[in-house]
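This is what each chain is made of:
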Amino acid sequence: MTSTEIRPFRIEIPQAALDDLHDRLARTRWTDDLPGTGWERGVPTAYLKDLAGYWAAEFDWRAIEAELNKHPQFTTTIDGQNVHFLHIRSAEAGATPLLLLHGWPSSVVDFLDVIGPLTDPKAHGAPDAPAFDLVIPSLPGYGFSGPVTEAGWHDDRVAAALAELMARLGYDRYGVQGGDHGAFIAPRLGRVDADHVLGVHVNALVTFPSGDPGDMAALTEPERQRLGRMKQFQDDGAAYMNLKGSRPNTIAQLVADSPAGQLGWIVEKYKEWVDQSHELPEQAIDKDRILANVSIYWFTETARSVANFYYERFHDTSMFAPAARGTVPTGVAVFKDGDYAIRRFAEKAYNITHWSEFYSGGHFPALEVPDLLTGDIREFFRSLS
């Protein structure tokens, strides 16, 4: 019988792992760039070398570890898989339980700056805002949940495991918020656990053209631009996804053995997906937050199971099969860069009751514009009360 025990957890990376990281970074064999080229061909070596030097000499992992360990953390076993999560209860009576779901290349670190405002709005200048009890898991196979130990961890299985987690914590009704992978999994939770999910809020929702000529003709100019950016991503920015979705073990071995490789693989996505008014990713997101996420992927040795997450999705025949329109109230936040969602397409699949469009921020709003994301979460769930 599988244990339902919930075990306290603290992050304690051995010093030997830190020493090994620094040693590997010092011994990196760097490539040369083709003269006259830049980010359009990937991460420039000079940029990556400087960032790796900062990671080795100035980045303070122990400070990140301490910041995470300030929050109650736990692990439990669900469907044979270890699941790590933060669980922060609000001191306010009647707080709404809310499950926050990260994606790639993210982790629980992404939500550190929204924990206080969501759990304790009065202390953060919003005395009339709703309060939330937060459950922030490392997705199965990610971070401190550790690598998955068997195939078959597709989106529906992950959603079912997270529904079990909320039930195990005693939450009969709860909300879900997610971006990136979380924007796929959150609506699945609304389907597999519809009797218990009171609402789903997402950013970075992927919507596909309906094929209806009338829908296409009715697109606004901003929507046409958004659709154009989505096509550009599919044509010129999706190679990482196609590789992980088809040959996950190959890329996993490359990034699992080289921290500089892991760093380049991830920081390229920060560069491409943050608000493009910034020239460099660290101008949109604190450099230490970026390196905290990279460090977690490195220390937890989850490169293989993270890559396989894409493989499972690409090979899940039910993933993009026709399905009945979702019934759970759904809110969508669309940020300026990194989001391609179009409302008329989304409404064919989801019960859209809230839609916001923002003129700043990118794919990582919890890191880039936490105030905007927090405000939109509050507004959506207030509308459901």
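The rules behind the values
- Residue positions within a chain follow its written sequence, with the count starting from 1.
- Reporting of local features is limited, given that this is a predicted model, to residues whose pLDDT is at least 70; pairs of side-chain atoms are given and counted only at 80 or more, and all residues count toward the totals for whole chains, interfaces and linings.
- Only hydrogens and water are removed before side-chain values are computed, so all heavy atoms of the structure are retained for them.
- Here an axis means a line fitted to C-alpha atoms, over the contact stretch when the element is a helix, while the angle between two N-to-C directions is reported on a 0 to 180 degree scale.
- A run of H or I in DSSP becomes a helix once it reaches four residues, and a run of E becomes a strand once it reaches two; helices and strands are each numbered from the N terminus.
- Each angle receives one of four descriptions, namely roughly parallel if under 35 degrees, roughly antiparallel if over 145, roughly perpendicular if within 65 to 115, and oblique otherwise.
- For any helix crossing, the convention is left-handed if the near helix is rotated counterclockwise from the far helix by under a right angle, and right-handed if that rotation is clockwise.
- Any two residues whose heavy atoms approach within 4.5 Å are treated as being in contact.
- Gly is put with the polar residues, along with every residue not named as nonpolar or charged; the nonpolar set is Ala, Val, Leu, Ile, Met, Phe, Trp, Tyr, Cys and Pro, and the charged set is Asp, Glu, Lys and Arg.
- The distinction between a cavity and a pocket rests on a 1 Å grid over the protein atoms alone: a 1.4 Å probe fits inside a cavity but cannot get out, while a pocket stays open yet meets protein on both sides within 12 Å along at least five of seven lines, and a residue with an atom within 4 Å of a point counts as lining.
- Grid points are joined across faces, edges and corners, and a volume is the space filled by probe spheres set on the points.
- Buried, partly exposed and exposed residues are distinguished by accessible area as a fraction of the type maximum, computed with a 1.4 Å probe on protein chains only: under 20%, between the cut-offs, and over 50%, respectively.
- Pairing between two strands requires that DSSP report at least two bridges joining them.

- The protein chain carries the name Epoxide hydrolase family protein in an unreviewed UniProt entry, which gives Nocardia suismassiliense as its organism.

## Description of the packing of helix 4 (residues 112–119) against helix 16 (residues 370–383)
In a packed pair of helices, the relevant descriptors are the angle between the two axes and the axis-to-axis distance.
And then number 1: It is at 10 Å that the axes of helix 4 and helix 16 come closest, and there the two elements cross at 40 degrees. Considered as vectors, helix 4 and helix 16 are oriented oblique to each other. You can see that helix 4 and helix 16 cross each other, and the crossing is right-handed. Mapping the contact onto sequence places Asp113, Val114, Pro117 and Leu118 in helix 4 and Pro370, Thr374, Ile377 and Arg378 in helix 16.
And then number 2: By residue class, the composition of the contact of helix 4 with helix 16 is 5 nonpolar, 1 polar and 2 charged.

## Observations concerning the layout of surface pockets
And then number 1: If you add up the space inside the largest pocket, you get close to 1,200 Å³.
And then number 2: Looking at the largest pocket, it is lined by 40 residues, and the ones nearest its centre are Gly42, Val43, Gly264, Glu268 and Glu272.
And then number 3: Of all the secondary structure elements, the ones that give two or more residues to the lining of the largest pocket are helix 2 (45–57), helix 8 (221–236), helix 9 (239–246), helix 10 (248–257) and helix 11 (259–273).
And then number 4: Ranked by the residues each element gives to the lining of the largest pocket, the list is headed by helix 11, at 9 residues.

## Brief notes about the pairing of strand 6 (residues 174–179)
Two faces make up the sheet, and in a regular strand the side chains alternate between them.
And then number 1: Burial runs high along strand 6: 6 of the 6 residues are buried.
And then number 2: Pairing of strand 4 (residues 96–101) with strand 6, which is carried by 4 bridges, proceeds in the parallel orientation. Its bridge partner lying in strand 6, Leu100 is registered against Gln177.
And then number 3: Here strand 6 runs beside strand 7 (residues 197–203); their pairing, made up of 6 bridges, is parallel. Note on strand 7: the bridge partner recorded for Gln177 is His201.

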